[in-house]
Amino acid sequence: MNTDPISDFLTRIRNASKVKHKFLEIYYSKLKQNLSKILLQNGYILDFKIVNNTNNIKIIKIALKYYKNKSVIQNLIRISKPGLRKYTKYKNLPRVLNGLGIAIISTSSGLLTDKKARKNKLGGEILCYIY
């Protein structure tokens, strides 16, 4: 039983990239699938696919991305936590490293990066920063 699946997802990616694993397996959920899709679209991972393991349980298999033997993902920071949620209007959306990183925002239109949320004029819960 996991009380914070987003934090668990980020921690697993952080740990796997620190020890230079090529692949990572995480239990499937639609939220984790959407997070993986955002990471893929922004070039932080090579690819991901949804597979069934030997017990017929859905798993997301993520291929991590490296450049010159260093992980492309330098840091993953969880912002909104179960004990303290962080919400913001679209005018106050954060810029991560002056636009070099991304903030993932949970909006009424689903998960979006800070750039897309700003473009669509949508605020929401700031889930995490990735750079």
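Below is a short write-up of the structure. (Residues numbered from 1 in each chain as written. Predicted model: local features only at pLDDT ≥ 70, side-chain atom pairs only at ≥ 80, totals over all residues. Heavy atoms only, no water.)

With that settled, the discussion passes to unusual backbone geometry. The backbone of Lys-68 shows a phi angle near 50°, a positive value even though the residue is not glycine. With respect to the secondary-structure elements, Lys-68 resides in the loop between strand S4 (66-67) and strand S5 (70-71). Backbone geometry at Asn-69 places phi at a positive 65°, although glycine is not the residue there. As for its position among the elements, Asn-69 is in the loop between S4 and S5. (Helix = DSSP H or I, 4+ residues; strand = E, 2+ residues; numbered from the N terminus.)

Okay, the sheet that holds strand S2 (residues 45-52) next. A sheet is described by the order of its strands in space; here 3 strands give the open sequence S1-S3-S2, paired in antiparallel fashion. For this open sheet the edge positions go to strand S1 (23-27) and S2, each flanked by a neighbour on one side alone. Ignoring strand direction, the axes of neighbouring strands in this sheet form an average angle of 25°. Relative to strand S3 (residues 58-64), S2 runs antiparallel, the two sharing 7 bridges. Its bridge partner being in S3, Val-51 is matched across the sheet by Ile-59. Sitting on the sheet, helix H1 (residues 5-18) is in contact with S1 and S3, with an inclination near 160° to S1. (Pairing = 2+ DSSP bridges. Axes fitted to C-alpha atoms, helices over the stretch in contact; angles between N-to-C directions. Contact = heavy atoms within 4.5 Å.)

In this section: the packing of aromatic side chains. Ring pairs (aromatic) are described by centroid distance and by the angle formed between their planes. Scanning the entire structure with this criterion turns up 0 aromatic pairs. Cation over ring: Lys-58 sits above Tyr-28, and NZ or CZ is 4.8 Å from the ring centre. In this structure, Lys-61 packs its charged tip against the face of Phe-23, placed 5.1 Å from the ring centre. (Phe/Tyr/Trp six-rings, centres within 6.5 Å; stacked < 30°, edge-to-face > 60°. Lys NZ or Arg CZ within 6 Å of the ring centre and 35° of its normal.)

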